[in-house]
Structures are given as structure tokens and as C-alpha cells.
Amino acid sequence: MPLLLYMLAQLTSLLLCHCCAVLCCAVHRRDESRLFIQACTMVVGGQSELATTFTAENIGLLLLCHCCADRRDENRLFIKNCTMVVGGQSELDYYLYWATVYHSSLPYFKQLAKFIRDVIQITVWELADAGQGDSSIFVVHEVAGSCTVEDSLYTVNDVVAPKLPAPPVDPGLQLNTAAKSPLVTAVSTVASLREQLKPLGPSEAGRTHVVLLRTNITLPAATAGSNSGLGTDVPPGGLPVPHPITILGDFSNQVPAVLDMGYARSLLALPRDAQADQVQVQHLVLKGLAQGPAAAVATSLAFPDVWTILAWAFNRSTDKSVSFSACTLELPPQEFEALQQQATVGGGQVILKMTGDVQANGDGLFVLNDVISNTIPTTTMQVGSFEGHGISGTNITLIAAAAAAAMPGGYHWPGGPLPTLAAAAAAGGGQLSGSHVAAAIAAPVVVVVAVIGGFVALLLIKRRRR
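Residues numbered from 1 in each chain as written. Predicted model: local features only at pLDDT ≥ 70, side-chain atom pairs only at ≥ 80, totals over all residues. Heavy atoms only, no water.

K.L.:
If you had to explain the confidence of the model for the protein chain to someone new, which residues and values would you point to?
P.N.:
Put simply, the protein chain has an average pLDDT of 73, and 65% of its residues get 70 or more. Counted against residues more than four places away or in other chains, residues 161-179, with its pLDDT under 50, gives 26 contacts. In the predicted structure, residues 455-462 sits below a pLDDT of 50 and forms zero contacts with residues beyond four places in sequence or in another chain. (pLDDT = per-residue confidence, 0-100. Contact = heavy atoms within 4.5 Å.)

K.L.:
Quick rundown of helix α6 (residues 333-345)? Include the residues and the values.
P.N.:
For α6, which comprises 13 residues, the first-to-last C-alpha distance of 18 Å matches the rise-based estimate of 18 Å (1.5 Å per residue) to within 8%. Restricting attention to buried positions, one finds in α6 the residues Pro333, Glu335, Phe336, Ala338, Leu339, Gln340, Gln342 and Ala343. Within two residues after α6, Gly347 carries a phi angle of roughly 65 degrees, on the positive side. (Helix = DSSP H or I, 4+ residues; strand = E, 2+ residues; numbered from the N terminus. Expected span 1.5 Å × (residues − 1). Buried < 20%, exposed > 50% of the residue type's maximum accessible area, 1.4 Å probe, protein only.)

K.L.:
Can you explain the environment of Asp363? Please cite residues and give values.
P.N.:
Relative to the helices and strands, Asp363 is located in the loop between β20 (350-353) and β21 (365-373). In this structure Asp363 comes out as partly exposed when scored by relative accessible area, which is 41%. Placed 10 residues apart in sequence, Asp363 and Lys353 show a C-alpha to C-alpha distance of 8.1 Å.

K.L.:
Run through the pairing of strand β16 (residues 284-287), naming residues and quoting values.
P.N.:
Where strand β13 (residues 257-260) meets β16, four bridges bridge the pair, whose relative direction is parallel. Considered in β16, the bridge of Ala257 is made with Leu284. By the bridge criterion, two bridges tie β16 to strand β19 (residues 328-331) in an arrangement that is parallel. Bridging across to β19, Leu286 finds its partner in Leu329. (Pairing = 2+ DSSP bridges.)

K.L.:
Explain the pairing of strand β23 (residues 391-400) to me, and be specific about the residues and the numbers.
P.N.:
Looking down a regular strand, the side chains alternate between one sheet face and the other. In terms of burial, β23 is a largely internal element, eight of the 10 residues being buried. The pairing of strand β18 (residues 322-325) with β23 spans four bridges and is classified as parallel. Following the sheet pairing, Phe324 is matched in β23 by Gly393. In this sheet, β23 lies alongside β19 in parallel orientation, the contact comprising four bridges. Looking at the pairing, Thr328 lines up with Thr397 of β23. Looking at chain direction, strand β22 (residues 380-388) and β23 are connected through eight bridges and run antiparallel. Among the inter-strand pairings, Gly388 is bridged to a residue of β23, identified as Ile391. Between the end of β22 and the start of β23, which pair antiparallel, lie two residues, with His389 showing a positive phi angle near 55 degrees.

K.L.:
Go over the packing of aromatic side chains with me, naming the residues and quoting the values.
P.N.:
What the rule picks out here adds up to eight aromatic pairs. Arranged with centres 5.2 Å apart and planes meeting at 65 degrees, the rings of Tyr97 and Trp98 form a pair that is edge-to-face. Trp98 sits in the buried class, given a relative accessible area of 3%. An aromatic cluster is built from Tyr95, Tyr102, Trp125 and Tyr154, whose rings are joined through pairwise contacts. Here Arg117 stacks its cationic end above the ring of Tyr102, 4.1 Å away from the centre of that ring. (Phe/Tyr/Trp six-rings, centres within 6.5 Å; stacked < 30°, edge-to-face > 60°. Lys NZ or Arg CZ within 6 Å of the ring centre and 35° of its normal.)

K.L.:
Could you give an account of the sheet that holds strand β17 (residues 314-315), with specific residues and numbers?
P.N.:
Strand order across the open sheet formed by three strands is β11-β14-β17, with parallel pairing between neighbours. Each of the sheet's edge strands pairs with one partner strand only, and the pair in question is β11 (239-240) and β17. Two strands pair when backbone bridges link them, and strand β14 (residues 268-269) and β17 are joined in this way by two bridges, in the parallel orientation. Residue pairing across strands places Leu268 opposite Phe314, the latter belonging to β17.

K.L.:
Lay out the pattern of salt bridges with the relevant residues and their values.
P.N.:
Within this structure, the stated rule accounts for five salt bridges. The salt bridge partner of Asp151 is Lys80, with a shortest N-O separation of 3.3 Å. Of this pair, Asp151 sits in strand β7 (residues 147-155) while Lys80 sits in strand β3 (residues 77-80); the two residues are 71 residues apart in sequence, bridging distant segments of the chain. The class for Asp151 is partly exposed, based on a relative accessible area of 32%. A salt bridge links Lys320 to Glu387; the nearest nitrogen and oxygen atoms lie 3.9 Å apart. Of the two residues, Lys320 sits in the loop between β17 and β18 while Glu387 sits in strand β22, which places them 67 residues apart along the sequence. Take Lys320: its relative accessible area is 30%, and that puts it in the partly exposed class. Under the relative-accessibility criterion, Glu387 is labelled partly exposed at 29%. (Salt bridge = Lys/Arg side-chain N within 4 Å of Asp/Glu carboxyl O.)

See below:
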């Protein structure tokens, strides 16, 4: 009897998998018809004619509700309290990636999400953690065109029967190889993060690697004699990043994931020919930011090694090769208070001139623009943008840690005056960064030289007249 029930379950799943689209289309031939699917398990697979519109190969879950071709302006297909077994982990990862894109406030992601909103017509997308690691996602409520999904589980686990063999890909649906899709991998443990941060193989060259953090991850605390807390397999200079990589927090539930860096230095190493924004960090709360290797011998705040905001976990050589977007950075209270005070004095701008630079041949400038210090709570600041020392950032929140960080080797804050360029900013009459700051420094010098030269010339004329 159990064997018979198992075979019936298999048959039911197969019928739902291969006949769902036919049933939906048949039901939609009549205006009054609806299809309700409740309390069952479906095996989701196959291709769609819409697949060629996306640059991602595995988007079957996104197109599940578009098996009905007409009357997408009305709810016709209702899926409630169901389990859907998908074809593989990559398909589930892509689904979560697009949910994060859909909910993001970043302009680039908003543009990317236009297809989801306008074509797939997703208007509600509420997800929750299923408590099964990376293998499952719980859909609380999703409305996509004519389809509504509620209280259902998307999973790669063998819930009812072993997964079907993957069907051969229709050559007519092959994607344009000139526009390679991102390689999306979801991670939820230190081990999986360490594995995904390793360089891609030659076959994946040219693809942007998206590492999607589904949960909060805390790296093991680095020791005073090591580069990072990721283990002994990290080379001394850091894991090489020969191709673009995006480290993205799962924002599908609009709560960013937390990545505690464990005070790591030189975790990732960028080559000298790295392109701009080769490493992108988005929608993450970053804690455990380390000081530079020479912080212990710093005699003033002009030493860049003192500042944790300079992101010492990234070993970079080129200009603006690491970018942060919609991130929150937790700073030691001393560093946070120093920036907060200077932002008040500088009218929302902080310009620091260091004695050195994290970059080779850098000018030592680090500029924060449009800084707004919140009154409640006073331990947060909003930063419109920052730039310098090989990093850039937009839409950044700075928060103060509760106490001085327990960094390997101790936390060193020499104190004293900040190495600011407030006067140069005032002379520039506006927001300054990079070469503009340099120009602001040069302008007063030229004026002073011109005034001195004129005064000398006037003295010579008076002497001749005598």
C-alpha cells in the first residue's frame, strides 16, 4: 500500500509538472474560469518563450505564473500552501537574486527591475526564510500578472519524488553569448562564502560573479599575525579577484544582511589592471572593520592606517576599484565622533588629507559629501557619497559601535586634530572631491603668489621714481 501511494504521488507530481500550462490555458478560454491549486507538490521545470528576454538562464520560477498567455490583468491562477520542487540550486538562487533586485532602492537595480515590473508584472513579492538553509525559500505572498502564490515553499529538496532529469535545452532558446548572465550563488555559511570568493575558472571569464548573502555571516576573528579569519588557504596578499564580483546582501525582505569581517585585512586582492568598481558591495551591514597594518605606530590622525572606514579588507591598487552602495558601516566610537564633529563644522562635508594613501601613487585625500548627522539616534550619520584611497561609496550609513573595537593587537587612536581641508572646501564654494580639492588648494597659492608679485613690482616702481 505505501508503494502504491508513493507511485500515485509521483504520478500526481508529473501530471502537475507537465500539464499545468495546458490546464491554465484551457481554463483561460472562458472568462469566468479560475484555477485553484492547494496543498500539493509540483515539480517545476521547462523553458518559456520569455526566457530569451532575460540575460539569466535560470528564471523558470519567475515565469511560472506566465504559463497563461491571456487576461493577465486578472487573477486566474491561485497557488496556496503548495511545495514546488525546482530543477536546481542555481534556479533558486536566481529567483532570490531577482527578488533582491526588485526591492532594491539603487538606481541601477531599479532599471534592471523594469522587466520584472512591466512584463512579468510582479506587484507584490513577500518572501521569508524557510529555515532550510540555501535549499528553500518560503513565499508568503506573490502577485505576478494573473497568478497569485501564497504560503508556498520553493525548494530543491526531494519532497515527493526524485527530481526529473533536466530536459535538453531548445537550441532556439539559447541566449546571446555576447551578453553573459551573472553567475549568482547564494551563501549562508563562512565555508560557502570562502569557497565563492575564490576566483572563477576560465570558463566563467567575463561573467559578473554575484555572491548573495542570505543570512548574517560572521568571519572568525583574525589574529594579530594573520591576514584574515577565512583560514590558511587565503594567500598573504588576499584572494585574487581577476573578474568583477558583487557581494550582495539578500534584500528580498528589505532587511539587509550583516557581514562581520572579523577585522580582516587583505581579504581580497585586486590586480593592478582592475577596472572601476571591480568589487561591488551592496545592501550589507559591515561590521568588524580593521585598522591598517601600521596603526600601532601612527602618531597622528593623518596616518591612513588609523581609519577603519578605508576598508582594509580590500587590497587594491587602481582608482575606485571597490565601491559600496546602500551599505551601513560600523565604525569605532572615536572615529565616528571625529567625523561627526567635522561634518558639523564643514557644513556637511569632510575632507581628510592623509600623509599616505592606501593606493599606490594616491594623493591621500578622502572626501565625504552630503553628510547628515541624525539627532535621534545620535550614533548614526547619512553620507551621500565618499571617495578616495581606491574606494567610493553612495547612499552610505555610518553607525557607531558601542565600544572601542577589540581588534587583534589592540585598537590605536592617537587623537589630536583632524587632517582636514575645510578651508580649501570653503574656497571652492561647493562640494569638492579628487582633483577639485587639489585645484582648491592650488588656487589660494596662486592668489598669494600674485599678490606678493604685485607688491614687489610696486616697490621697484617707487624706487625708480626716487
